[in-house]
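Residue-level structure breakdown
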Amino acid sequence: MTPNLTYVIVVGVLVAAGVTLLLERSLTRVLMGVILLGNGANLLLLTGGRAGGAPIVGTTPQEEMSDPLPQAMILTAIVITLGMTAFLLALAYRSWHLNGHDEVQDDVEDRRIMALAERDEGPDGADSGDGDDDDDDAQTDNERSLAVTADAGRTG
């Protein structure tokens, strides 16, 4: 059986929309992306199967039976998608309960590394190398505030 062009286009749209939503910072959009990606994968598996009668020996001739493997894989994919959906719903609920929003924030350590990289690059993107260290006090204050924020995040 050759896949219908409509199925292929729908699978492409579902996977593209799912991946696009997975790249967002909001956990609600990530959840919708997982659901769309799961449905796209299920439809892709469905197009791989052969149409036919029930795959039960004795009720349908062997050459007219449908392939049961895609059906089993779809059931497995449904269970995995359901588990991921429940996990992301719990994460979004917990984030909403603690922070009042469901956006994933940057890690404090990532912000510190970015600040150190920007300091090393200099104002024009190249190494400054002029030996002027007047901004060391400002950088240490910034590093201290990031460290205090990190400690508060760990204890809270």
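Residues numbered from 1 in each chain as written. Predicted model: local features only at pLDDT ≥ 70, side-chain atom pairs only at ≥ 80, totals over all residues. Heavy atoms only, no water.

Description of the overall build of the protein chain
The test is simple: Helix and strand assignments follow DSSP, with helices taken as H or I runs no shorter than four residues and strands as E runs no shorter than two, numbered in order from the N terminus. Residue burial is assigned from relative accessible area. The probe radius is 1.4 Å, only protein chains are included, and a residue is buried under 20% of its type maximum, exposed over 50%, and partly exposed in between. Here, two residues are considered to be in contact whenever any of their heavy atoms come within 4.5 Å of each other. All accessible-area figures derive from a Shrake-Rupley calculation using a 1.4 Å probe, and residue coverage is judged against the displayed protein chains alone.
Tallying secondary structure elements over the protein chain gives five helices and zero strands in all. For the protein chain, the succession of helices and strands along the chain, N to C, is α-α-α-α-α. The buried share among the 156 residues of the protein chain stands at 21%. Within the protein chain, residue pairs in contact and separated by at least 24 positions form 51% of the contacts whose partners lie at least 6 positions apart. Accessible surface computed for the protein chain: about 11,200 Å², of which carbon and sulfur atoms make up 61%.

So, the packing of helix α2 (residues 27-48) against helix α3 (residues 68-99)
Spelled out, the test is: In this description, a line fitted to the C-alpha atoms serves as the axis of each element, helices being fitted only across the stretch in contact, and the angle between N-to-C directions of two axes falls anywhere from 0 to 180 degrees. Comment on the angle field: the value is read as roughly parallel under 35 degrees, roughly antiparallel over 145, roughly perpendicular from 65 to 115, and oblique elsewhere. Charged residues are taken to be Asp, Glu, Lys and Arg, nonpolar residues to be Ala, Val, Leu, Ile, Met, Phe, Trp, Tyr, Cys and Pro, and polar residues to be all remaining types, Gly included.
It is at 9 Å that the axes of α2 and α3 come closest, and there the two elements cross at 180°. Considering the angle they form, α2 stands roughly antiparallel to α3. Grouping the constituent residues of the contact of α2 with α3 by class yields 17 nonpolar, six polar and no charged.

Re a nonpolar patch on the surface
What counts is decided by this rule: Only residues whose relative accessible area exceeds 30% and that take part in no salt bridge are eligible for patches, with like-charged residues grouped when within 9 Å of each other and nonpolar side chains (Val, Leu, Ile, Met, Phe, Trp, Tyr) grouped when within 5 Å. Salt bridges are counted wherever a side-chain nitrogen of Lys or Arg sits within 4 Å of a carboxyl oxygen of Asp or Glu.
Taken together, the side chains of Leu5, Val8, Ile9 and Val13 present a nonpolar region at the surface, about 380 Å² in accessible area. Residue Val8 is classed as partly exposed on the basis of its relative accessible area, which comes to 44%.

Remarks on the confidence of the model for the protein chain
The condition that has to hold: Values of pLDDT, ranging from 0 to 100, describe the predictor's confidence in every residue of the model.
For the protein chain, the mean per-residue pLDDT works out to 81, and 77% of the residues sit at or above 70. Put simply, helix α5 (residues 136-155) is where the protein chain has its lowest mean pLDDT, 56, and helix α1 (residues 5-22) is where it has its highest, 94.

Overview of the environment of Gly48
Examined against the element boundaries, Gly48 turns out to sit in helix α2. The exposed category is assigned to Gly48, whose relative accessible area is 59%. Considered as a pair, Gly48 and Gln71 are 23 residues apart in the sequence and their alpha carbons are 9.9 Å apart.

A closer look at the pattern of salt bridges
Between side chains of opposite charge, pairing is possible as soon as their charged atoms come close. In this structure the tally under the stated criterion is two salt bridges. With its nearest N and O atoms 3.6 Å apart, the salt bridge here joins Glu24 to Arg29. Take Arg29: its relative accessible area is 46%, and that puts it in the partly exposed class.

Observations concerning the environment of Leu27
Summarising the element assignment, Leu27 is placed in helix α2. On the basis of relative accessible area, Leu27 is assigned to the buried category, the value being 11%. Taking the C-alpha atoms as reference, Leu27 lies 8.7 Å from Ser95; in sequence the two are 68 residues apart. Sequence-distant contacts of Leu27, that is, excluding residues within four places in its chain, are made with Leu91, Ala92, Ser95, Asp102 and Val104.

Topic: the side chain of Asn42
In this structure, Asn42 sits in helix α2. If we skip the residues at most four places from it in the chain, Asn42 touches Ile74, Ala77 and Ile78.

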